[in-house]
Amino acid sequence: MKAIDIENIEITLLLDAIFNRYGYDFRHYARASIERRIRQLKGKSGCTTISEMIPKLLHDESFFQKFVREFSIPVTDMFRDPFVYQCIRKQVVPILKTHPFVKIWHAGCATGEEAYSLSILLKEENLYDRSTLFATDFNDTALDIAKKGIYALTNAKTFTANYQAAGGISSFSEYYHARYEAMALNNALKKNITFANHNLVTDSVFGEMHFILCRNVLIYFDKILQDRVLKLFSDSLVHGGILCLGTRESLKFSTIAEKFSIIDETARLYQKKAV
Amino acid sequence: MHSKQGHDMKKNGYKAIVMGVSAGGLAALSRLFSDLPEGFALPLIVVQHVHPTADRQIFDYFNSNCPLTVKEVEDKEKILAGYVYFAPPDYHLLVERDKTFSLSIDPRVTYSRPAIDVLFESAAYVWSSRLIGILLTGASSDGSRGMQLIKAHGGLTIAQDPATAEYPVMPQSAIDANAADKILSLDGIGKFLKTLSKTGYPDRQTKIQGQADFISDVET
């Protein structure tokens with residue numbers, strides 16, 4: 001047996017161990033990314049094989065916490081893919097405005113940059129005060145950063161450029177104050193956001209949503225898990241509700257595709273059909 | 001004559017080519033694509049460093065000058081011969097064991113996303129000795145680690161001759177890391193790919209009896 005085939009067995013065992021011990025289920029994550037991260041953590045942890053990490057993960061909870069922390073924090077920007085936010089402004093906001101109140105679920109919000117981007121957009125469209133945003137992630141370390149809404153000031157240039165390209169109608173600097181090397185977002189942007197722990201792999205429906213955003217999360221899952229999660233979104237949306245995926249993710253080959261019509265294929269905006 | 005559409009990969013010899021290119025890539029890629037023979041039977045998977053918002057109208061131009069279909073990867077897409085695949089801007093591109101692609105927005109590697117190292121490493125784990133890695137012009141050190149890994153798995157690594165590269169840093173860095181089996185000009189790489197196609201893509205492990213081992217014979 002080749003070394004890489006043995007390693008494949010080790011990774012399967014490690015993922016099983018984590019699931020059985022802690023309930024975190026990475027078994028249907030896209031394997032290539034997860035293998036890459038496990039190999040990196042193997043190097044950092046001083047283990048010579050991946051199977052050496054398994055007893056540590058089972059018996060040392062702090063080692064596991066460190067593992068999950070490093071394992072699963074994707075990095076994102078405010079107004080990542082500005083054209084998507086432009087499309088939301090032009091094509092989604094008018095639909096949301098027909099509701100007396102608006103419930104939005106940002107699934108897999110990570111460190112919160114895109115949830116706050118949506119806050120800003122809703123404010124500028126006079127929709128914020130009747131909106132409730134649920135921003136969820138399974139990673140508590142990421143959620144803690146999200147709740148604080150404080151980011152490195154080195155991001156300001158990118159965020160500002162994105163905001164402008166996204167059709168922002170104000171000045172981005174009005175939404176944060178700079179302190180030392182950090183930019184702290186205004187508290188007003190946090191007022192209607194509830195950050196909560198939710199695991200797309202193991203938790204269930206998040207009811208009666210008008211708009212669900214889940215961008216660049218599905219790419220980390222395999223086909224089976226993608227389908228499960230998309231069904232979860234479909235079940236969590238009201239009829240006429242809107243789903244926004246990452247720009248390289250698609251409903252095209254999923255089992256729920258027929259339940260949705262396309263609002264904008266490039267921005268990956270879909271609307272759940274009435275019946 | 002092969003049509004310009006995807007087909008399943010062949011059974012023996014090399015299975016795929018991964019290619020990394022950065023600054024100066026446009027001219028180098030145009031040249032290589034137009035040199036590819038009709039019916040070239042290996043998928044060609046390319047990471048090119050581009051700006052996150054780069055538009056890919058260049059693909060129209062590539063497609064009119066390349067016998068294979070040039071396209072940007074969709075998540076979970078099946079890898080087929082007959083295609084040149086590009087990593088989408090601002091996403092890492094990885095190869096899965098079941099010969100599909102996956103994408104990630106993991107942090108930049110060597111200041112790059114997509115990173116050449118990420119593609120090369122994941123492809124090395126999937127195709128091991130049945131993989132060819134080609135590193136072209138660029139002003140970065142991305143790709144060196146990936147070339148080392150391809151080589152360690154028994155695959156074949158080719159660096160563009162720095163003397164002929166628009167930006168020599170990237171191929172030179174792989175050569176300095178002792179990660180290049182062959183050092184060839186663009187012209188040489190084009191010829192190599194033609195010969196590879198003519199001889200049925202033999203890798204070093206599956207040499208056909210009586211056939212010259214042209215891989216060892218390629219002038220470096």
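Residues numbered from 1 in each chain as written. Chains lettered and ligands numbered in written order. Predicted model: local features only at pLDDT ≥ 70, side-chain atom pairs only at ≥ 80, totals over all residues. Heavy atoms only, no water.

Overview of the overall build of chain A
Definition in use: Only DSSP runs of H or I with at least four residues qualify as helices, and only runs of E with at least two residues qualify as strands; both kinds are numbered from the N terminus onward. In this treatment the radius of gyration is a C-alpha quantity, and the globule benchmark scales as 2.2 Å times the residue count to the 0.38 power. For every residue, the accessible area (1.4 Å probe, protein chains only) is compared with the maximum for its type, and the residue is labelled buried under 20%, exposed over 50%, or partly exposed between those bounds. Whether two residues are in contact is decided by their heavy atoms, any of which lying within 4.5 Å being enough. Method for areas: the Shrake-Rupley scheme with a 1.4 Å probe, in which residue coverage is limited to the protein chains shown. None of His or the chain ends enter the tally, which takes Lys and Arg as positive and Asp and Glu as negative. Throughout, a charge is located at the NZ atom of Lys, the CZ atom of Arg, the CG atom of Asp or the CD atom of Glu.
The number of helices and strands found in chain A is nine helices and 10 strands. Here the C-alpha radius of gyration of chain A, 20 Å, is about what a compact globule of 275 residues would show, namely 19 Å. In chain A, which comprises 275 residues, the share counted as buried stands at 55%. When contacts within chain A are restricted to residue pairs at least 6 apart in sequence, long-range pairs at least 24 apart make up 75% of them. Per element, the accessible surface of chain A, about 11,900 Å² overall, is 55% carbon and sulfur. The distance from the centre of the 35 positive side-chain charges to the centre of the 31 negative ones in chain A is 3 Å.

Comments concerning the interface of chain A and chain B
To keep it simple, the criterion reads: Here the quantity called buried area is the accessible surface, traced with a 1.4 Å probe, that two parts lose on coming together, added over both. In what follows, salt bridge is the name for a side-chain nitrogen of Lys or Arg lying within 4 Å of a carboxyl oxygen of Asp or Glu.
Chain A puts 27 residues into the contact, and the matching count from chain B is 26 residues. Between chain A and chain B the total buried area reaches about 2,300 Å² when both faces are included, carbon and sulfur atoms providing 46% of it. Taken together, chain A and chain B are joined by six salt bridges. When the shortest N-O distance is used, the salt bridge between Arg97(B) and Glu35(A) registers 3.1 Å.

What about the sheet that holds strand β10 (residues 269–272) of chain A?
Adjacent strands of a sheet pair through backbone hydrogen bonds, lying either parallel or antiparallel. Residue and element names in this part refer to chain A. This is how it is decided: For two strands to be treated as a pair, DSSP must find no fewer than two bridges joining them. Axis lines are fitted through C-alpha atoms, for helices just across the contact stretch, and the angle between N-to-C directions can take any value from 0 to 180 degrees.
Strand order in the open sheet made by the seven strands is β6-β2-β1-β7-β8-β10-β9, with mixed pairing throughout. In this open sheet, the two edge strands, each paired with only one partner strand, are β6 (193–197) and β9 (260–264). Adjacent strand axes in the sheet meet at a mean angle of 20 degrees, parallel and antiparallel pairs treated alike. Where strand β1 (residues 102–107) lies against strand β7 (residues 209–214), three bridges are found, and the strand directions are parallel. Along β7, the bridge assignment pairs tryptophan 105 with isoleucine 212. Seen against the sheet, helix α5 (residues 82–96) touches β1, β7, β8 (237–245), β9 and β10 and runs at an angle of roughly 165 degrees to β7.

Comments concerning empty space enclosed by the protein
Convention followed: Site definitions follow a grid-based scheme: protein atoms alone, a 1 Å grid, a 1.4 Å probe that fits but cannot get out for cavities, and for pockets an open set with protein on both sides within 12 Å along at least five of seven lines, plus lining residues having an atom within 4 Å of a point. Grid points are joined across faces, edges and corners, and a volume is the space filled by probe spheres set on the points.
Tallying each qualifying case throughout the model produces six cavities of 30 Å³ or more. Reported here for the second largest cavity is a volume of approximately 90 Å³. Taken together, 13 residues line the second largest cavity, and the ones lying closest to its centre are Ala32(A), Glu35(A), Arg39(A), Val95(B) and Ser122(B). Contributions of two or more residues to the lining of the second largest cavity are made by α2 (31–45) of chain A together with α3 (116–127) of chain B.

So, the pattern of salt bridges
Evaluation of the coordinates by the stated rule reveals 31 salt bridges over all chains. Taking the shortest distance from any N to any O, the salt bridge between Glu125(A) and Arg89(A) comes out at 3.0 Å. A residue pair is termed long-range when its members are at least 10 positions apart, and Glu125(A) in the loop between α6 (113–124) and β2 (131–137) and Arg89(A) in helix α5 qualify at 36 residues. Residue class for Glu125(A) comes out buried when judged on its relative accessible area of 17%. In the salt-bridge network here, residues are joined through shared partners; they are Arg80(A), Asp81(A), Glu114(A), Arg215(A), Asp90(B), Arg108(B) and Arg113(B).

Digging into the nonpolar core
How we decide: Only buried Ala, Val, Leu, Ile, Met, Phe, Trp, Tyr and Cys residues count toward a nonpolar core, and they belong to the same one when joined by side-chain atoms within 4.5 Å. Throughout the structure description, domain borders are defined by an automatic or database domain assignment.
Formed by 82 residues in total, the largest nonpolar core has its most connected members in Leu14(A), Ile38(A), Leu200(A), Phe233(A) and Ile45(B). Top element by residues in this core is α3(B). It accounts for eight residues. For this core, the two domains that each supply at least three residues are domain 1 (3–71) and domain 2 (82–272) of chain A. Setting aside its immediate chain neighbours within four residues, Phe233(A) contacts Trp105(A), Ala107(A), Leu200(A), Ile212(A), Cys214(A) and Leu243(A). Counting residues in hydrophobic clusters, the runner-up holds 44 residues, among them Ile88(A), Val92(A), Tyr176(A) and Leu185(A).

As for a nonpolar patch on the surface
Stated precisely, the cut-off is as follows: Like charges within 9 Å and nonpolar side chains (Val, Leu, Ile, Met, Phe, Trp, Tyr) within 5 Å are joined into patches, using only residues over 30% in relative accessible area that form no salt bridge.
On the surface, a cluster of nonpolar side chains totalling about 420 Å² of accessible area is made up of Met1(A), Ile6(A), Ile9(A) and Leu13(A). Positionally, Ile9(A) belongs in helix α1 (residues 3–22).

A short note on the packing of aromatic side chains
Keep this limit in mind: Geometry of aromatic contacts follows a simple scheme: Phe, Tyr and Trp rings, the Trp one being its six-membered ring, pair when their centres are within 6.5 Å, and the pair is stacked under 30 degrees between planes, edge-to-face over 60, tilted otherwise. Each ring is checked for a lysine NZ or an arginine CZ that lies within 6 Å of its centre and within 35 degrees of its normal; such an atom marks a charge sitting over the ring.
Scanning all chains against the criterion turns up 26 aromatic pairs over all chains. On the numbers, 4.9 Å between centres and 65 degrees between planes, the contact of Tyr85(B) with Phe101(B) is edge-to-face. Remark: Phe101(B) occurs in strand β6 (residues 101–104) and Tyr85(B) occurs in strand β4 (residues 83–86); sequence separation between them is 16 residues. The class for Tyr85(B) is buried, based on a relative accessible area of 0%. Site record: aromatic cluster; members linked through ring pairs are Tyr22(A), Tyr24(A), Phe26(A), Tyr29(A), Phe64(A), Phe138(A) and Phe221(A). The side chain of Arg39(A) reaches across the aromatic face of Tyr125(B), ending 3.3 Å from its centre.

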